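For reference, the chains in residue letters:
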Amino acid sequence: MNLTATSHKVPLNDGNSIPIIGLGTYLDPGTESQNTCLEAVKMAIDMGYRHIDGAYLYRNEHEVGLAIREKIAEGKVKREDIFYCGKLWATCFDPEMVRPTLERTLQELQLDYVDLYIIEMPMGLRPGNEFYPRDKNGKWLYHKTDFCATWEALEACKDAGLVKSLGVSNFNRRQLELILDKPGLKHKPVSNQVECHPYFTQPKLLKFCQQHDIVIVAHSPLGTARNPNWVNISVPPLLEDAFLNSVAKKYNKTAAQIALRFNIQRGVIVIPKSFNPQRIKENFQIFDFALTEEEMTNIEALNKNIRLVELLMWSDHPDYPFSDEY
Ligand code: NAP
């Protein structure tokens, strides 16, 4: 695969393709002022990014849409040059909710379609206006989901032209197989978005997905922003890793660039989040060098097999995905 800054798309199993790097847009509530996302997406498009990862849950999808539309209006890009991934949140898994939820995303974006729409996680929460529903004692309100029925509703959205490709996120092998083995499956998942970086390299899930022509999209490819509310910060900061920094020095790069290059060089899509101009640029400058086979092996060996994003608050959910080996 010859990846360059202007040509770095990877084929998907449905005939579409996905740029191997995208801009992540998740922001912890209350951490940055409004419109930072708008400016970041515009800047990213100017710098050569053609893929944006977002979600209605992130509460800034309208900024992403505005940025894309402004860049189209300027003549910088055409709609078909841009790849946007949106996500179906856990309170919207009932089949009759799927299309209205996707339409709400399109309304936020003010776009006619999304390129990829993924089930955000394989654990249903009680439908309603709350993103994070709990009872009066603070107990999580779970919701039983028939993921095959949810998937069929997503297939209908693709057939209606509202979305080009369908995928999942945080699914384990068993949960992927449930969809892959569904009788009458019309559209296979093209991707599984999961945590993936040099400290959590996902060798078994990656192999399984490759065997089924499903791409892995690496969320938190730089090791997250380390918010202790949802991140396991007992794992040391990835970007301070001594080996990554020694390789970075050799190439006159940063540890972040090495972590991203490692993934793209093994066919894993990366979606680093930054709203900082310098770092948005830095994260895209990963096409002008290549790691040796030995370096790839040594970076793979950094794998600690410990998740940063464990979603432990839902560990008693009947569909909790991370109890299985992979
Ligand atoms: P990440 O991309 O691994 O790391 C983001 C953090 O690293 C931010 O604090 C960012 O700060 C900083 N950063 C960015 N570039 C850097 C660089 N070159 N050097 C040093 N620090 C740098 O974390 P993430 O946001 O968790 O994951 C990325 C995206 O994946 C999300 O934004 C979201 O779109 C998606 N995601 C999906 C799921 C899911 O369940 N499907 C879960 C988590 C994330 P600055 O902004 O200040 O640069």
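All of the points below concern the structure found in this document. Numbers given to residues run from 1 along each chain, matching the order in which its sequence is written. The predicted origin of the model limits local features to residues at a pLDDT of at least 70 and limits the giving and counting of side-chain atom pairs to 80 or more, whereas totals for whole chains, interfaces and linings rest on all residues. The side-chain numbers reported here are obtained from all heavy atoms of the structure, hydrogens and water having been left aside.

Description of the packing of aromatic side chains
The aromatic pairing rule takes the rings of Phe, Tyr and Trp, using the six-membered ring of Trp, and pairs them if the centres are within 6.5 Å, calling planes under 30 degrees apart stacked, those over 60 edge-to-face and the rest tilted. If you walk through the whole model with that rule in mind, you get 14 aromatic pairs. Where Trp89 meets Tyr132, the ring centres are 5.6 Å apart and the plane angle is 65°; that geometry is what we call edge-to-face. Highlighted residues: Trp89 in the loop between strand E5 (83-88) and helix H3 (95-109) and Tyr132 in the loop between strand E6 (114-119) and helix H4 (147-159), separated in sequence by 43 residues. For the pair Tyr132 and Trp314, a centre-to-centre distance of 6.4 Å together with 15° between the ring planes defines the contact as stacked. Placement of Tyr132 in the loop between E6 and H4 and of Trp314 in the segment after helix H10 (293-300) is noted, with a sequence separation of 182 residues between them. Only protein chains enter the accessibility calculation, which uses a 1.4 Å probe. A residue is then buried if its area is under 20% of the maximum for its type, exposed if over 50%, and partly exposed in between. Judged by relative accessible area, Tyr132 falls into the partly exposed class, the value being 39%. These aromatic residues form a ring-pair network of at least three members: Trp89, Tyr132, Trp140 and Trp314. Ring-over charges, as used throughout, are those where CZ of Arg or NZ of Lys falls within 6 Å of the ring centre and within 35 degrees of the ring normal. Between the NZ or CZ atom of Arg104 and the centre of the ring of Tyr56, over which it lies, the distance is 3.6 Å. One residue, Lys164, lies across the ring of Tyr113, its end atom 4.4 Å from the ring centre. Numbering of helices and strands runs from the N terminus; a helix is a DSSP stretch of H or I covering at least four residues, while a strand is a stretch of E covering at least two.

A few points about the site of the ligand
Around the ligand, 27 residues are found, and the nearest of them are Asp53, Leu222, Lys273, Ser274 and Arg279. Distance and chemistry together define a polar contact, namely a pair of N or O atoms within 3.5 Å, with one atom able to donate a hydrogen and the other to accept it when in protein, and with adjacent residues in sequence counting only for side-chain atoms on both sides. Taking Asn283, its side chain carries an N or O atom lying 2.9 Å from a nitrogen atom of the ligand. Here, Shrake-Rupley sampling with a 1.4 Å probe gives the accessible areas, and only protein chains in the shown set may cover a residue. Bound to the protein, the ligand loses 85% of the 890 Å² it would expose on its own. Looking at the shell around the ligand, its residues break down into eleven nonpolar, twelve polar and four charged. We call a residue near a given molecule or strand whenever any one of its heavy atoms falls within 4 Å of it. In this classification, the charged set is Asp, Glu, Lys and Arg, the nonpolar set is Ala, Val, Leu, Ile, Met, Phe, Trp, Tyr, Cys and Pro, and all remaining amino acids, among them Gly, are polar.

So, the pattern of salt bridges
When the charged atoms of two side chains with opposite charge come close together, those side chains can pair. Whenever a carboxyl oxygen of Asp or Glu lies within 4 Å of a side-chain nitrogen of Lys or Arg, that contact is scored as a salt bridge. Under the criterion given, the structure shown has 16 salt bridges. The residue Asp159 makes a salt bridge to Lys186 at a minimum N-O spacing of 2.6 Å. On the criterion of sequence distance, the pair formed by Asp159 in helix H4 and Lys186 in the loop between helix H5 (173-180) and strand E8 (191-195) is long-range, its members being 27 residues apart. We classify Lys186 as exposed; its relative accessible area is 54%. For Asp288, the salt bridge goes to Lys253, with nearest N and O atoms at 2.8 Å. On the criterion of sequence distance, the pair formed by Asp288 in the loop between helix H9 (277-284) and H10 and Lys253 in the loop between helix H7 (242-251) and helix H8 (255-265) is long-range, its members being 35 residues apart. Exposure remark for Lys253: the relative accessible area of 16% places this residue in the buried category. Within this structure, Glu39, Lys42 and Glu70 form a network of salt bridges that share partners.

Notes on the sheet that holds strand E9 (residues 215-219)
Pairing between strands requires that DSSP locate at least two bridges from one strand to the other. Pairing is parallel across the open sheet formed by eight strands, whose spatial order is E3-E4-E5-E6-E7-E8-E9-E10. Sheet topology places strand E3 (23-24) and strand E10 (269-270) at the edges, where each strand pairs with a single neighbour. As paired strands, strand E7 (residues 163-169) and E8 are joined by two bridges and run parallel to one another. Within E8, the position partnered with Ser169 by the bridge is Gln193. This element, H3, spans E5, E6 and E7 of the sheet and lies at about 135° to E6. Contacts are residue-level and defined by heavy atoms, with any inter-residue pair within 4.5 Å sufficient. Each axis is a line fitted through C-alpha atoms, and for a helix only the stretch in contact is used; angles between axes span 0 to 180 degrees, taken between their N-to-C directions.

Focus: the side chain of Ser274
With respect to the helices and strands, the residue Ser274 is situated in the loop between E10 and H9. Here Asn276 takes part through its backbone nitrogen, which lies 3.1 Å from a polar atom of the side chain of Ser274. Excluding its chain neighbours within four sequence positions, the residues that come into contact with Ser274 are Leu23, Gly24, Ala40, Arg279, Ile280 and Asn283.

Describing the pairing of E6
Extensive coverage of E6 is indicated by the burial of six of its six residues. Across four bridges, the pairing between E5 and E6 is parallel. What sits directly across from Lys87, in E6, is Ile118. Call a crossover right-handed when, viewed with both strands pointing away from you, the route from the first strand across the helix to the second goes clockwise. Each parallel crossover has a hand, and for E5 linked through H3 to E6 it is right-handed.

Here we look at the nonpolar core
What makes a nonpolar core is a set of buried Ala, Val, Leu, Ile, Met, Phe, Trp, Tyr and Cys residues whose side-chain atoms join them at distances within 4.5 Å. Ranked by internal contacts, the top residues of the largest apolar core, which has 107 residues, are Ile258 and Leu291. Broken down by element, this core gets its largest block of residues, seven residues, from H8. Sequence-distant contacts of Ile258, defined by excluding residues within four places in its chain, comprise Leu244, Val247, Ala248, Tyr251, Lys253, Phe289, Leu291 and Ile299.

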